[in-house]
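For reference, the chains in residue letters:
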Amino acid sequence: MNIVLLGPPGAGKGTQALRIAKTYDIPHISTGEIFRRAVADETEMGMRAKAYMNRGELVPDEVVIGIVKERLEGPDCAEGFLLDGFPRTVAQAEALEKELSKSGRELDSGLDIEVGRASLIKRLTGRRTCRACGKVYHLTFDPPQSATTCDACGGELWQRDDDTEETVSKRLDVYEEQTAPLIDFYNERDLLVEVDGERGVDDVFSAVKQLLTA
Ligand code: AP5
Ligand code: MG
């Protein structure tokens, strides 16, 4: 199954992606995670990406397209993949289509998780992530026992640098301007499936499974 996960920042792409990847046994490829790892490792690409991310802007297409192309050539992607946070511009979507067609592949679904702006702001500003194991919490919706320590591994919980109120607002604007046009792009190709992401995590996942197996 070849899937792209659309949806604004904070819609729950990462949360649902973990469940989808496990259920359908496909690799979860998050471009945001790839960039955050590169920032933590202080690579040249990471340093370049960091400035864009912290301003809430998109990393330039040529950087992200190259990374995804290389990743999709991995043998683990031959039987399917789940892209989370890519594509984010029409140019990225066109590049993906072209790249897949070279190897005789195509997308099966563009899954769009829809959540309103007020909920997105609450979800993003309350998110906490474990530095050690990557587990994601929410201070209100999925609270850890301690606001600073991971229940699963005891690692330190941190707030993403781009989850401040000011940067969140910018990210949501950038989504509307540059990424929302992909809804039409995938609708025109009859690939778009839309799920109401305002509900609880388990209800959203049930809806996702129904849509993907329909
Ligand atoms: P990226 O990491 O992809 O961030 P994003 O798209 O802004 O999305 P988030 O990861 O913030 O949210 P999510 O939808 O995954 O939500 P989550 O499940 O965590 O990208 C970061 C940056 O990298 C970009 O701004 C850009 O600079 C760069 N970048 C990445 N890809 C790029 C590309 N293709 N091109 C150019 N630049 C790129 O959930 C959020 C919170 O809500 C959590 O606390 C969670 O516990 C909670 N939650 C989840 N679901 C629910 C629910 N149903 N009910 C209540 N709470 C919930
Ligand atoms: Mg995410």
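Here we summarise the structure given alongside this text. (Residues numbered from 1 in each chain as written. Chains lettered and ligands numbered in written order. Predicted model: local features only at pLDDT ≥ 70, side-chain atom pairs only at ≥ 80, totals over all residues. Heavy atoms only, no water.)

### Observations regarding helix H9 (residues 201-213)
Look at H9: 18 Å from first C-alpha to last across 13 residues, which is about the 18 Å you get at 1.5 Å a residue. Those residues of H9 that are buried are in contact with strand S1 (2-6), helix H1 (13-24), strand S4 (109-114) and strand S8 (192-196). (Helix = DSSP H or I, 4+ residues; strand = E, 2+ residues; numbered from the N terminus. Expected span 1.5 Å × (residues − 1). Contact = heavy atoms within 4.5 Å.)

### A short note on the site of ligand 1
Surveying the vicinity of ligand 1 reveals 34 residues, the closest of which are Thr15, Glu57, Arg88, Arg127 and Arg171. One of the side-chain N or O atoms of Arg171 is found 2.7 Å from an oxygen atom in ligand 1. Contact with the protein chains covers 95% of the free accessible surface of ligand 1, which is 1000 Å². Elements that contribute at least two residues to the shell around ligand 1 include exactly H1, helix H2 (31-40), helix H6 (117-125) and strand S6 (136-138). (Near = heavy atom within 4 Å. Polar contact = N/O pair within 3.5 Å; in protein donor to acceptor, adjacent residues only side chain to side chain. Areas by Shrake-Rupley, 256 points an atom, 1.4 Å probe, with all protein chains shown as cover.)

### Details of the environment of Ala207
Summarising the element assignment, Ala207 is placed in helix H9. Residue classification places Ala207 among the buried residues on the basis of a relative accessible area of 14%. Along the sequence, Ala207 and Asp196 sit eleven residues apart, while their C-alpha atoms lie 8.3 Å from each other. (Buried < 20%, exposed > 50% of the residue type's maximum accessible area, 1.4 Å probe, protein only.)

### As for the packing of helix H5 (residues 90-102) against helix H8 (residues 181-188)
Look at H5 against H8: their axes get within 9 Å of each other, and the N-to-C directions meet at 30 degrees. In terms of orientation, H5 and H8 fall into the roughly parallel class. Note on element contacts: H8 touches H5 through Pro181, Leu182, Phe185 and Tyr186, opposite Val90, Ala93, Glu94, Leu96 and Glu97. Its residues assigned to classes, the contact of H5 with H8 shows seven nonpolar, no polar and two charged. (Axes fitted to C-alpha atoms, helices over the stretch in contact; angles between N-to-C directions. Parallel < 35°, antiparallel > 145°, perpendicular 65-115°, else oblique. Nonpolar A, V, L, I, M, F, W, Y, C, P; charged D, E, K, R; others polar.)

### Comments concerning the nonpolar core
Of all hydrophobic cores here, the largest spans 32 residues; its most connected members are Phe35, Leu72, Phe81, Leu83, Leu96, Leu107 and Tyr186. For this core, the secondary structure elements donating two or more residues are S1, H2, helix H3 (44-55), helix H4 (61-72), strand S3 (81-84), H5 and H8. Of the residues forming this core, the biggest block, six residues, is contributed by H4. Ignoring any residue separated from it by four or fewer positions in sequence, one finds Phe35 in contact with Met45, Ala49, Met53, Val59, Val63, Val64 and Ile67. Ala21, Leu120, Val195 and Leu212 belong to the second largest nonpolar core, which has 22 residues in total. (Core = buried A, V, L, I, M, F, W, Y, C linked by side-chain atoms within 4.5 Å.)

### Topic: the sheet that holds S8
Strand pairing in a sheet is mediated by backbone hydrogen bonds. Such pairs are either parallel or antiparallel. Strand order across the open sheet formed by five strands is S2-S3-S1-S4-S8, with parallel pairing between neighbours. Lying at the two open borders of the sheet, with one neighbouring strand each, are strand S2 (28-30) and S8. The sheet shows a mean angle of 20 degrees between the axes of neighbouring strands, taken without regard to direction. As defined by bridge partners, S4 adjoins S8 across five bridges and the pair is classed as parallel. Paired with Ile113 across the bridge in S8 is Val195. (Pairing = 2+ DSSP bridges.)

Interpretation note: all reported values are geometric properties and have no functional meaning in isolation.
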